[in-house]
Number of protein chains: 4
Amino acid sequence: MPLTPEQEAEISALRTTSQPTLRAVSEGMEAHLYKAHQVLDHGFVRVIDYMGDDAAICQAARVSYGKGTKSVQNDEGLIRYLMRHWHSTPFEMCEVKLHVKLPVFVARQWIRHRTANVNEYSARYSILDREFYIPQADALAAQSVVNNQGRGEVLQGEEAARVLRYLRDDAMTAYDHYEAMISQDGQQGLARELARMNLPANIYTQWYWKVDLHNLLHFLRLRADAHAQYEIRVYADAICAIVADWVPFAYKAFEDYRLGGAVLSATALEAVRRMLKGEEVTQENSGMSKGEWREFMAALK
Amino acid sequence: MPLTPEQEAEISALRTTSQPTLRAVSEGMEAHLYKAHQVLDHGFVRVIDYMGDDAAICQAARVSYGKGTKSVQNDEGLIRYLMRHWHSTPFEMCEVKLHVKLPVFVARQWIRHRTANVNEYSARYSILDREFYIPQADALAAQSVVNNQGRGEVLQGEEAARVLRYLRDDAMTAYDHYEAMISQDGQQGLARELARMNLPANIYTQWYWKVDLHNLLHFLRLRADAHAQYEIRVYADAICAIVADWVPFAYKAFEDYRLGGAVLSATALEAVRRMLKGEEVTQENSGMSKGEWREFMAALK
Amino acid sequence: MPLTPEQEAEISALRTTSQPTLRAVSEGMEAHLYKAHQVLDHGFVRVIDYMGDDAAICQAARVSYGKGTKSVQNDEGLIRYLMRHWHSTPFEMCEVKLHVKLPVFVARQWIRHRTANVNEYSARYSILDREFYIPQADALAAQSVVNNQGRGEVLQGEEAARVLRYLRDDAMTAYDHYEAMISQDGQQGLARELARMNLPANIYTQWYWKVDLHNLLHFLRLRADAHAQYEIRVYADAICAIVADWVPFAYKAFEDYRLGGAVLSATALEAVRRMLKGEEVTQENSGMSKGEWREFMAALK
Amino acid sequence: MPLTPEQEAEISALRTTSQPTLRAVSEGMEAHLYKAHQVLDHGFVRVIDYMGDDAAICQAARVSYGKGTKSVQNDEGLIRYLMRHWHSTPFEMCEVKLHVKLPVFVARQWIRHRTANVNEYSARYSILDREFYIPQADALAAQSVVNNQGRGEVLQGEEAARVLRYLRDDAMTAYDHYEAMISQDGQQGLARELARMNLPANIYTQWYWKVDLHNLLHFLRLRADAHAQYEIRVYADAICAIVADWVPFAYKAFEDYRLGGAVLSATALEAVRRMLKGEEVTQENSGMSKGEWREFMAALK
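Residues numbered from 1 in each chain as written. Chains lettered and ligands numbered in written order. Predicted model: local features only at pLDDT ≥ 70, side-chain atom pairs only at ≥ 80, totals over all residues.

K.L.:
Honestly, the overall build of chain A in this entry has me stumped. Any pointers?
P.N.:
Helix and strand content of chain A: 13 helices and nine strands. Each principal axis of the C-alpha distribution contributes one length, and for chain A these read about 80 × 60 × 30 Å. Buried positions account for 45% of the 301 residues belonging to chain A. Of the contacts formed within chain A by residues at least 6 apart in sequence, a portion of 67% connects residues at least 24 apart. (Helix = DSSP H or I, 4+ residues; strand = E, 2+ residues; numbered from the N terminus. Buried ≥ 20, exposed ≤ 12 C-beta atoms within 10 Å, placed from the backbone. Contact = placed C-beta atoms within 7 Å.)

K.L.:
So what exactly am I meant to see when it comes to the sheet that holds strand S5 (residues 117-120) of chain B here?
P.N.:
All names here are of chain B. If you walk across this open sheet you meet the five strands as S2-S3-S4-S8-S5, and the pairing is antiparallel. The sheet is open, and its two borders are formed by strand S2 (36-39) and S5, each paired with just one other strand. On average, each strand axis in the sheet is tilted by 20 degrees relative to the strand beside it, whichever way the strands run. Sheet strands touched by helix H8 (residues 213-223): strand S4 (95-103) and strand S8 (204-212). Its angle to S8, the strand with the most contacts, is close to 125 degrees. (Pairing = 2+ DSSP bridges. Axes fitted to C-alpha atoms, helices over the stretch in contact; angles between N-to-C directions.)

K.L.:
What exactly am I supposed to notice about the relation of the copies chain B and chain A here?
P.N.:
Once turned by 180 degrees and shifted 0.0 Å along the axis, chain B lies on chain A with an RMSD of 0.0 Å. Overall, the copies show the geometry of a two-fold rotation axis. The rotation axis passes nearest to the C-alpha of Pro20(B) in chain B, at a distance of 2.1 Å. Counting the interface residues of chain B, we find that 100% of their copies in chain A are interface residues as well, pointing to one common contact surface. (Least-squares fit on C-alpha atoms with pLDDT ≥ 70 in both.)

K.L.:
I would appreciate a short explanation of the relation of the copies chain D and chain A in the present structure.
P.N.:
Superposition of the two copies of the chain requires a rotation about an axis and a shift along the axis. Once chain D has been moved 0.0 Å along the axis and rotated by 180 degrees, it coincides with chain A to within an RMSD of 0.0 Å. Residue by residue, 95% of the interface of chain D is reproduced at the interface of chain A, so both copies engage with the same surface.

K.L.:
Just checking my understanding: could you explain the interface of chain B and chain A for this structure?
P.N.:
Note on interface size: it is often stated as the accessible area lost on association of the parts. Across the contact, 42 residues belong to chain B and 42 residues belong to chain A. A total of six residues in the side of chain B that touches chain A trace back to one element, the largest contributor, which is helix H1 (residues 5-15) of chain B. Taken together, the residues of the side of chain B that touches chain A sort by class into 20 nonpolar, eleven polar and eleven charged. Note: strand S1 (residues 19-21) of chain A against strand S1 (residues 19-21) of chain B, three bridges, orientation antiparallel. (Nonpolar A, V, L, I, M, F, W, Y, C, P; charged D, E, K, R; others polar.)

K.L.:
What exactly am I supposed to notice about helix H3 (residues 54-61) of chain A here?
P.N.:
Note: α-helices contain 3.6 residues per turn, so residues at a spacing of three or four share the same orientation. For H3(A), a buried count of eight out of eight residues is recorded, marking the element as mostly surrounded by other parts of the structure. Listing the buried residues of H3(A) in full gives Asp54(A), Ala55(A), Ala56(A), Ile57(A), Cys58(A), Gln59(A), Ala60(A) and Ala61(A). For H3(A), the secondary structure elements touched by its buried residues are helix H4 (72-84) and helix H10 (248-259) of chain A together with S5 and S8 of chain B. Backbone geometry just after H3(A) places Val63(A) at a positive phi near 45 degrees.

K.L.:
Is there a simple way to think about the environment of Val243(C) in this case?
P.N.:
Residue and element names in this part refer to chain C. Within the fold, Val243 resides in helix H9 (residues 230-246). Residue Val243 is classed as buried on the basis of its C-beta count, with 20 C-beta atoms lying within 10 Å. Residues Val243 and Gly28, 215 residues apart in the sequence, show an inter-C-alpha distance of 9.0 Å. Discounting chain neighbours no more than four positions away, the residues touching Val243 are Leu216 and Tyr251.

K.L.:
Teacher, can you tell me more about the interface of chain D and chain A here?
P.N.:
Taken residue by residue, the interface counts 22 residues in chain D and 22 residues in chain A. Elements with a minimum of two residues in the side of chain D that touches chain A: helix H4 (72-84), helix H10 (248-259), strand S9 (262-264), helix H11 (266-276) and helix H13 (290-300) of chain D. Looking at the side of chain D that touches chain A, the element that brings in the most residues is H11(D), giving seven residues. Partitioning the side of chain D that touches chain A into residue classes produces twelve nonpolar, six polar and four charged. As paired strands, strand S9 (residues 262-264) of chain A and S9(D) are joined by three bridges and run antiparallel to one another. Paired with Leu264(A) across the two strands is Ala262(D), which belongs to S9(D).

K.L.:
Hey, could you run me through the pairing of strand S4 (residues 95-103) of chain D in this one?
P.N.:
Here is the key point about a regular strand: its side chains alternate between the two faces of the sheet. Residue and element names in this part refer to chain D. With nine of nine residues buried, S4 is to be regarded as a mostly interior element. On S4, burial covers both faces: Glu95, Lys97, His99, Lys101 and Pro103 on one face and Val96, Leu98, Val100 and Leu102 on the other are all buried. Bridge analysis of strand S3 (residues 43-51) against S4 gives seven bridges, and the strand direction is antiparallel. Residue pairing across strands places Tyr50 opposite Val96, the latter belonging to S4. Bridge analysis of S4 against strand S8 (residues 204-212) gives nine bridges, and the strand direction is antiparallel. From the neighbouring strand, Lys101 faces S8, where its bridge partner is Gln206.

K.L.:
Please clarify how the packing of helix H3 (residues 54-61) of chain D against H4(D) should be interpreted in this entry.
P.N.:
Helix-helix packing is described using two parameters, namely the angle between the two axes and the distance between the axes. Residues and elements named next belong to chain D. It is the contact of H3 with H4, at a shortest axis distance of 10 Å, that shows an interaxial angle of 70 degrees. Relative to H4, H3 is oriented roughly perpendicular. When H3 is examined against H4, the residues Asp54, Ala55, Ile57, Cys58 and Ala61 are found in contact with a partner set consisting of Asp75, Leu78, Ile79 and Leu82. Residue composition of the contact of H3 with H4, by class: seven nonpolar, no polar and two charged. (Parallel < 35°, antiparallel > 145°, perpendicular 65-115°, else oblique.)

K.L.:
In this structure, what is going on with the pairing of strand S2 (residues 36-39) of chain A? I would like to understand it.
P.N.:
Residues and elements named next belong to chain A. Strand direction decides the pairing type here: S2 and strand S3 (residues 43-51), joined by four bridges, are antiparallel. Across the sheet, residue Ala36 finds its bridge partner in S3, namely Arg46. A loop of three residues connects S2 with S3, the two strands running antiparallel in sequence, and Leu40 in this loop sits at a positive phi of about 55 degrees.

K.L.:
Hey, could you run me through the sheet that holds S3(D) in this one?
P.N.:
Whenever strands of a sheet pair, they do so through backbone hydrogen bonds, lying parallel or antiparallel. Residues and elements named next belong to chain D. Read across the open sheet, the five strands follow the order S2-S3-S4-S8-S5; overall the sheet is antiparallel. Taken across any chain shown, the strands that pair with only one partner, and hence form the sheet edges, are strand S2 (36-39) and strand S5 (117-120). On average, each strand axis in the sheet is inclined to that of its neighbour by 20 degrees, with strand direction left out of account. The strands that helix H8 (residues 213-223) touches are S4 and S8; relative to S8, the one it contacts most, it runs at about 125 degrees.

K.L.:
How should I be thinking about unusual backbone geometry in this particular structure?
P.N.:
Outside of glycine, negative phi angles account for most residues, and trans bonds account for most peptide bonds. Phi angles above zero are rare outside glycine, and Val63(A) is one such case at about 45 degrees. Within the fold, Val63(A) resides in the loop between H3 and H4. In the Ramachandran plot, Tyr34(B) falls in the positive-phi region, its phi being about 75 degrees despite a non-glycine side chain. Among the structural elements, Tyr34(B) can be located in the loop between helix H2 (27-30) and S2.

K.L.:
Which parts of the structure should I look at to understand the domain arrangement of chain A?
P.N.:
What the domain assignment lists for chain A is domain 1 (5-133 + 202-259), domain 2 (136-200) and domain 3 (266-300). Distance between the C-alpha centres of domain 2 of chain A and domain 3 of chain A: 45 Å. (Domains from an automatic or database assignment.)

K.L.:
Please explain the environment of Leu216(A) as it appears in this structure.
P.N.:
Residue and element names in this part refer to chain A. Along the chain, Leu216 falls in helix H8 (residues 213-223). On the basis of neighbour counts, which here come to 28 C-beta atoms within 10 Å, the residue Leu216 falls in the buried class. Distance in space between the C-alpha atoms of Leu216 and Lys290 is 32 Å, their sequence separation being 74 residues. Residues in contact with Leu216, not counting those within four places in the same chain, are Val96, Val211 and Val243.

What follows is the structure in structure tokens.
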């Protein structure tokens, strides 16, 4: 239950208060404004504000006086060209502000993307809620045996049950003691900035996160990727769906050139050329390491 | 004449095309949208888009679900508190996109503010217009005799006339030759990316510049300052007037704490304390250098 | 015990392996290299590398061909001038790389300083050690009654004892279960990236942190301040001592103009002027709020 | 003639003043320190300082206590892995400081790379030298007829001669008038900050530029590229040669994965798969635009 009835009422109020503006308006994004898209068990992503649309990308690229767009077809072609040739500045001309509720261990990965603005709920100043991320059964994965930084099979039976018991019980105990330490009932009460250190990394925090479209797409390329940790990937997936409605041309180009594309090294390109000539290319005669070869094969599959 | 009739018509069209939005709207800023505020002889500043208002600063500081503002009085107090204690992140939650036309030597100073997004008119791709900054008579200042990096008295008579003649004639000659070099009439025509090197630094360029409010205020503090070069200061002044309409509380706090305030060093604070006790404090017994003492005296005057 | 005997041996080996270099060398910094300065119960700060010294600040400010320094006196004056007038770029020309071990809740505050490079020990890839921050008795403070974001009196007696018991016991339980969950002894073993979510925010992490001198001083101004949380302030204090040995002129100027200085608002400057004229200025007739007045009085004391 | 005898002497003095250090030392980079590598007719690139080497990349990736390197083979493998998987932070742990002399129109492109530190020679404060970039005959290219942003054939005969005459004569006139305007001989003398506006964009400026290895490689990928303007590409090429000596493993991986590699879109990958199956793929049935197809064909050639 990510939102209380009071919060839902506040959101409904905002969604019925439309005002006229002379700015660029994205119909697709207006439909998302303020709504909470649920992610994980208690998290969400909400669009608080945005600037620009597909046309604004073209307008900036052309340094226009007016709307700066030509035909719709022309605009899509320009956006594809800009994406293909790594022109980043026109995409920086769109901006989005999100309200995100997420577990602390996800927040710690997320914050490594530095080119963004963040206001986090302060646990020095305020009291955190008793909300913890507890994985669904099918997200309870074993350590991968081939990849030190990944997941393997889903845990089963008693092992899975014990993990869930530990996560739930330890969270409840930690939070009980957090409350007991800060309580001012019959005692002084520990400073909040100290008491919070007892809370585990699956507790939920929340923040306002503002980022331009170029840096957002970079974030999505890394975090909507199959190698990203599942718990951040579901946030990236939720944001991808929002971006697709906000700037459809830019998102489509992003899917083609980034999400669905691949970087081939000079060595890999040479292997492709040899294969196209009919040569038998193997890992051994390719000049690639086993890891590179595996990734190369995956890209061609 | 910064705008052609066609450009004026494009702007008028945009200013009559209002659409409903659920986003935060700043009435003060809507009145500025798209209009060209003239600066220098051929330059301007135009607001292309904006995100947020005073309330959005408070909303982010409070990580709110709804509007996040309380009473208007409360909001102003919070904004003043945030400004006084150097909280930068809530101010980063507002963003503005400007279209600026400016001489190249001003653009070179401006671009040193790195935390902003820029799309400049490309002289590799396009042909620059024949527009050059020629100072007004009262801006034609001599080199300062006390400050290596400043201006002194205004030039007079024949000296002033000769300067203006040089600036005008050299600009015209350079542009004539620029045109002659790129012309494809009866010749191949030099590449634009090469021909532009003949153009002087008072030619006008233009760009889209997008920046958050925190970084914009930092820019304004340095560039609306009496020590900034006049030709960039007039742009900063024009933007100050816009920001005052956009986020009135934040701008007022900025005027009080930044533009009108002063940083006193530990040594200067000690001098104030001694003066308040009735001691006679002089540069010699203050521990300050002559330059520091002069600036200290100016702050107290 | 922040370092094992093996780690101490590695550090000793590095400290005896001197090599010739043509680069600028700071004798004060060479004495610090690789040594662990203990902070809190298990943390430390270690200098891994550095670039530049006081002279390099002047050399860059002068865009010199050679050493770029003039007399030592001249250099100190230039550095003071640059600091006083907020010239940031010459200070950016020095760089330092630190290895820091710190509790996660401190790391979360630290990382908000974005203009720095960070490599953190990965709990997706590796197993964290059983090391937790447990405050000393005199750091066990109550919530402040005047400041929502601060500490009051030190807790006493049974209340203090209970807090320490909770922190220690919950940390041990959480770590026991972390180990039990990732164990591959007779079971699959939970993925490390998931198991870590059970660990509280007082567990230690570590990272390489590289930052330029300008941004480091900004960090120190905010974090060596009396309003910063004690647990990050002790790290800032340890770094201050290192910087004082690395770039003594810059550090002295920083102490005078930043750490020991104060920003007075236009309103506060006006109050000083009136006080110097002999007027009786009170909070009521000053135009300042109670909070501003309290801070103003503190600056003048 | 980029350096005066006095400057050469200063550099020689620095190159003979070796001091012991405990820091990581790159032998390849020590050989470059302070030397001016000539670029264009009056420009140069000089290494002023550096931090780190190949081993430092691995040390940071491993968050090591000691040197952090394992076998040399192991280190190269790790560096290739990090480069292939877009891990940027370990490469950010190396830093270099360059002194660059370059034409203003090149400086304007260069500065668009924002994540770097810059101290430029101030034409508000100092007087610029009479040095202008005049292209060699073989760099005097016509505007491309296929690409709005590129060069075509080399100009010939009278057209080429006239271009050179314009560039030389206009530069000399502009500089003569610059000198005449700032002269204080029998007149007040125009402020330098104003007089500089008369100087064309092929005048030389210089700066100290400091950047981390990750951002430097990004700069080199874009600027050592065949699509970059020739006049900035020659600087990028000179820096490539330096980086190859500084961090040989990282540079080799960069050549393979970035300089020599290619990004294939989802559509292009699908075309490769079809071609490998023996299908006849043409632009028309590929789903690519003409521009994309041309680039795709170039990558496979």
